[in-house]
Amino acid sequence: MTPSSPKTNSSPRDRAAAFCTKYGLKLPILLAPMAGASPASLSIAVANAGGMGALGALLTQPAGIRDWVKEFRSASNGPFQLNVWIPEPKPHRDAEAEARMRAFLAARGPDVPATAGDTTLPDFAKQCDTFLELKPIAVSSIMGLFPPEFVSRLKRQGVAWFATATTLAEAIRAHDAGADAVIAQGYEAGGHRGSFDPAAAERQAVGLFALLPCLADHLDIPIIAAGGIGDGRGVAAALMLGASAAMLGTAFLRCPQAKTHRAWADALANLEPEGTMLTRAFTGRLGRAIATNFIKAAAAPDAPCPAPYPVQRGLTAAMKEAGAAAGDYHRMQVWAGQSAALAQPIPADDLVRQIWQQAQALMY
């Protein structure tokens, strides 16, 4: 693909307006699909303020996806997206390595049985069928690309596909596979990195403000900026650099509609960028979280290596549950982007409007 001029030459206002018109938005702000942290109440508030809601459905069975959509549609006519990870091959298991990790975790929580790593995920194909059944405005992918047959079914039903990319090469692959928009995920983002190749995630750590203009110079489809955006300044900057919309996640975690565990929400207050770090310790996949005592200990040279995904997720489950019960965020899975300090404990609908008003004042 050769660089495309129309996208980079269009004005931020025109790009945002075109995106909003196409996807039924009043303003170009999307809620990030945070698996395990995306209750319908948060999406309802974001959508009713003019943005787009989202369900991160990685861990959600089809019945749960239907329940979420039913709750959303009972209180909002706005748009929403449904998101899922692209499955990985079955991981290689190492019993001795897992035993070392179980001992490491047992020092910080309950004993971890040998069977803890035998975790399973919902059936991907059934989740995709449920997405089509429910017909959201868009579905989104992370960690790779949807199978061509599913993309064809999306096209036939008029459901858009937003594909997450962390590099130019991934974005071009998404474009060529039929994506309607690319979610440009900078390494500032909280939660899991969307790298197509899990082993390359650390090396391919590209910041959002380097990634955006690169993608804008090479793509002729809309770009949704994600990663480290916490207020109107970040939205305005993303649009100026070539995005058509912005996606925010951590910024909403202190809103009451997010129903975030109190210990997690409180830990985000005044959290500086260096107070987060990338880790594989929670799940085996790389993600950005608050630099808790557990994460720092897991990064020590003498710490055991994390098991592959999703084995590590199963191994850490007991510790995370115990931490949540005790209100100890140092033992909880507390994802956070580098702009976490910008999160505010105000209603999500008010936050959406505040962010867009600030962005407009800066751009127009």
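Residues numbered from 1 in each chain as written. Predicted model: local features only at pLDDT ≥ 70, side-chain atom pairs only at ≥ 80, totals over all residues. Heavy atoms only, no water.

### Examining the overall build of the protein chain
Counting secondary structure elements, the protein chain contains 14 helices and 11 strands. Since a compact globule built from 364 residues should have a radius of gyration of about 21 Å, the 20 Å found for the protein chain is in line with a globular shape. Overall, the C-alpha framework of the protein chain stretches about 55 × 45 × 40 Å when taken along its three principal axes. Residues counted as buried form 57% of the 364 residues belonging to the protein chain. Considering only contacts in the protein chain between residues 6 or more positions apart, those separated by 24 or more positions represent 68%. As displayed, the protein chain offers around 14600 Å² of accessible surface, 53% of which is attributable to carbon and sulfur atoms. (Helix = DSSP H or I, 4+ residues; strand = E, 2+ residues; numbered from the N terminus. Rg over C-alpha atoms; globule rule 2.2 N^0.38 Å. Buried < 20%, exposed > 50% of the residue type's maximum accessible area, 1.4 Å probe, protein only. Contact = heavy atoms within 4.5 Å. Areas by Shrake-Rupley, 256 points an atom, 1.4 Å probe, with all protein chains shown as cover.)

### Examining the pairing of strand β11 (residues 287–290)
For strand β7 (residues 191–192) and β11, the ladder comprises two bridges, and the chain directions are antiparallel. Across the sheet, residue His192 finds its bridge partner in β11, namely Gly287. Direction of pairing for strand β10 (residues 276–279) relative to β11: antiparallel, over a ladder of four bridges. Among the inter-strand pairings, Leu278 is bridged to a residue of β11, identified as Arg288. (Pairing = 2+ DSSP bridges.)

### Details of the nonpolar core
Residues Phe146, Phe162 and Phe252 are the most contacted members of the largest nonpolar core, which totals 117 residues. A per-element tally of this core places helix α14 (residues 348–363) first, with seven residues. Excluding residues that lie within four positions of it along the chain, Phe162 makes contacts with Phe19, Tyr23, Leu30, Met52, Gln81, Ala138, Val139, Ser140, Ser141, Ala181, Ile183 and Ile224. Counting residues in each nonpolar core, the second largest holds five residues, with Leu58, Ile142, Met143 and Tyr309 among its members. (Core = buried A, V, L, I, M, F, W, Y, C linked by side-chain atoms within 4.5 Å.)

### Looking at the pairing of strand β9 (residues 245–248)
Side chains Ala245 and Met247 of β9 all project onto a buried face; the interleaved residues Ala246 and Leu248 project onto the opposite face, where all are buried too. Where strand β1 (residues 29–31) and β9 come together, three bridges link them in parallel fashion. When the sheet's bridge partners are listed, Leu30 is paired in β9 with Met247. Summarising the sheet, strand β8 (residues 223–226) and β9 pair through three bridges and their orientation is parallel. By the bridge assignment, Ala225 is partnered in β9 with Ala246. Taken together, β8, helix α10 (residues 232–240) and β9 constitute a β-α-β crossover, and its handedness is right-handed. (Right-handed = clockwise from strand over helix to strand, strands pointing away.)

### A short note on the environment of Lys70
Note that Lys70 resides in helix α4 (residues 62–75). Measuring from C-alpha to C-alpha, the distance between Lys70 and Ala40 comes to 9.2 Å, with 30 residues separating the pair along the chain.

### Regarding the sheet that holds β8
Strand order in this open sheet of eight strands is β1-β9-β8-β6-β5-β4-β3-β2, and the pairing throughout is parallel. The sheet is open, and its two borders are formed by β1 and β2 (53–56), each paired with just one other strand. Each strand axis lies, on average, 25 degrees off the axis of its neighbour in the sheet, ignoring direction. Looking at chain direction, strand β3 (residues 80–85) and strand β4 (residues 138–142) are connected through five bridges and run parallel. By the bridge assignment, Trp85 is partnered in β4 with Ile142. (Axes fitted to C-alpha atoms, helices over the stretch in contact; angles between N-to-C directions.)

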